[in-house]
Amino acid sequence: VEACEEEPCASTQDCAYTEWSSWAACSRDCGGGEHARSRVVARAARSGGAECPEADLEETGPCNSHDCIEDAWGKIDCTWSEWSSWGRCSASCGQGQARRTRIIVQEAAHGGEVCSGFFQDFQQCSIRPCVGRDCSFSAWSAWSDCSDKCTGH
C-alpha cells in the first residue's frame, strides 16, 4: 500500500511542463539559422492522467534570416552635401528670394536610410527699397530709312 500525503491515491493528475526557457543563440549570424528553447516535465502524470509527450520538450525556430551581404557591407545611409552659399537676390530692389542648393553625395545602400528633405532652400531677401516713381519712356526717335525700296512698305 502506497502512502499519500495530500490527495487521495486514486485522484487523476495530468502531466505538466515548466515554462519555455529563453531562446538559445542562433546557429548563424546571417543568412538564416536556427535556435532552440526547452522545457522539462514539472509534474508527472499519475493514476491514469495524460502523459507529457517527449516531443514537446524542445522547440526550434528560424533566426537571423537577413541577407549576409547587409552584414558584410553594413547599412549605408544616404548623405547630403553641405548647403551651398546663398545665391543672389532675385530682385534688384524690394523683396526677392535667394536660393541655396545641395546634392546627394551618397545614395542609401544595403537597407540604409534614404535621404529626406529638399535639394534646394529659399529665403526672403531685400537689397534696398525701390524708389517710388512711375516708369516713363523717352520720346520717339526719327523714322529710319524704308527697308523695302520697291513697294514702300
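## What about the state of the cysteines?
1) Next: If you walk through the whole model with that rule in mind, you get five disulfides.
2) Next: Sulfur-sulfur distance for the disulfide between Cys78 and Cys115 comes to 1.4 Å. Its torsion about the S-S bond being -80°, the disulfide of Cys78 and Cys115 is classed as left-handed. You can see Cys78 sitting in the loop between α1 (68-73) and β5 (79-80) and its partner Cys115 sitting in the loop between β7 (104-106) and β8 (120-126), a full 37 residues away along the chain.
3) Next: A residue is classified by how much of its surface remains accessible, and Cys115, at 22% relative accessible area, is partly exposed.
4) Next: Paired by a disulfide, Cys93 and Cys130 hold their sulfur atoms 2.0 Å apart. Handedness of the Cys93-Cys130 disulfide follows from its S-S torsion of about 95°: it is right-handed. Of this pair, Cys93 sits in the loop between β5 and β6 (95-101) while Cys130 sits in the segment after β8; the two residues are 37 residues apart in sequence, bridging distant segments of the chain.

Rules used throughout
Residues numbered from 1 in each chain as written. Predicted model: local features only at pLDDT ≥ 70, side-chain atom pairs only at ≥ 80, totals over all residues. Heavy atoms only, no water. Disulfide = S-S within 2.5 Å. Helix = DSSP H or I, 4+ residues; strand = E, 2+ residues; numbered from the N terminus. Buried < 20%, exposed > 50% of the residue type's maximum accessible area, 1.4 Å probe, protein only.

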